[in-house]
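For reference, the chains in residue letters:
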Amino acid sequence: MSQQPVMDFGEHPTPYEDYVHADVITHLQHPLTDDPGEMAFLVTTQVMELWFTVLVHEWRTAADALRADRLPEALGALARSTHEMRALNASWEPLARLTPRQFNAYRPALGEGSGFQSAMYRRMEFLLGDKSASLLVPHKGTPRAHAELEKALREPSLYDDVLAYLARRGERIPVEVLERDLTQRYEPDDGVAAVWQRIYAAGDEGPDGGALLRLGEALTEVAELVWRWRNDHLAATRRAMGGKTGTGGSPGVAWLEKRAARWVFPELWTARGQV
């Protein structure tokens, strides 16, 4: 005798709805034009925001684990984040083939809106070490987002916690790096590159059994996927609007090109050429 799923929950929402809040999520789209493509743009953008939220969660989990010297837990969070980054990057697919005419059909609805103004994306960038107090200014009108960003500005980035962990493991991280102003953008350091060079040169034969190498590789995977995200964003924007000024007065493609040229966790890349 086959068991039938429960179908009647009386006057109560389904347990699925209670957990996922699907009714809320699926009614957050409010197109401002009659263009049928605007719905895909709205949903895709909202999906990206959700992936940003997951990535912030994963990278904070990794940072907290490193602060507590729990490397396996940190590696687990970083590994999960790479799968999530791939899903985030795939979110460009619905937008990556837009012609200028298709994009311009609903672009005026954005007004002064721009992805540059995403508070959750900014938190993600802060965790990657790209910080600036000036980037809090657009969020003054959203107190919760502003408070969360201000907190993230003053906290160590994920990479700061990585370097502090390496120092506790006996690696010679320069004192000026460990004691740097956390509210500033992380800048590459030759001493940090030398540490990664030694770790990569030792490989699995190091005294840590290759644990630090695995941390380096996990971070490198994250960094490469961030680079791919930035380049996919650049390609989609260039295809849809060429060299026009971006929404919200941003420099558009020129700004994205500058971002795409900047590598996350920079010493992990320079050290490779020195091994």
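Please refer to the structure higher up on the page.
This brings us to the packing of helix α6 (residues 119-127) against helix α7 (residues 143-154). Interhelical geometry of α6 versus α7 gives an angle of 5 degrees and a closest axis separation of 10 Å. If you check the angle between α6 and α7, you find them roughly parallel. Taken together, the residues of α7 that come into contact with α6 (itself represented by A119, R122, R123 and F126) are A145, E148, L149, A152 and L153. Taken together, the residues of the contact of α6 with α7 break down into six nonpolar, no polar and three charged.

Moving on, we get to the pattern of salt bridges. One pass over the full model with this rule turns up 16 salt bridges. Between R67 and D161 there is a salt bridge, and its shortest N-O distance comes to 2.6 Å. Of the two residues, R67 sits in helix α3 (residues 37-67) while D161 sits in helix α8 (residues 158-168), which places them 94 residues apart along the sequence. A salt bridge links R123 to E148; the shortest N-O distance between them is 3.2 Å. Here R123 is found in helix α6, whereas its partner E148 is found in helix α7, with 25 residues between them in sequence. Judged by relative accessible area, R123 falls into the buried class, the value being 12%. Through salt bridges with shared partners, a single ionic network connects D64, R67 and D161.

Definitions and limits used
- Residues numbered from 1 in each chain as written.
- Predicted model: local features only at pLDDT ≥ 70, side-chain atom pairs only at ≥ 80, totals over all residues.
- Heavy atoms only, no water.
- Axes fitted to C-alpha atoms, helices over the stretch in contact; angles between N-to-C directions.
- Helix = DSSP H or I, 4+ residues; strand = E, 2+ residues; numbered from the N terminus.
- Parallel < 35°, antiparallel > 145°, perpendicular 65-115°, else oblique.
- Contact = heavy atoms within 4.5 Å.
- Nonpolar A, V, L, I, M, F, W, Y, C, P; charged D, E, K, R; others polar.
- Salt bridge = Lys/Arg side-chain N within 4 Å of Asp/Glu carboxyl O.
- Buried < 20%, exposed > 50% of the residue type's maximum accessible area, 1.4 Å probe, protein only.

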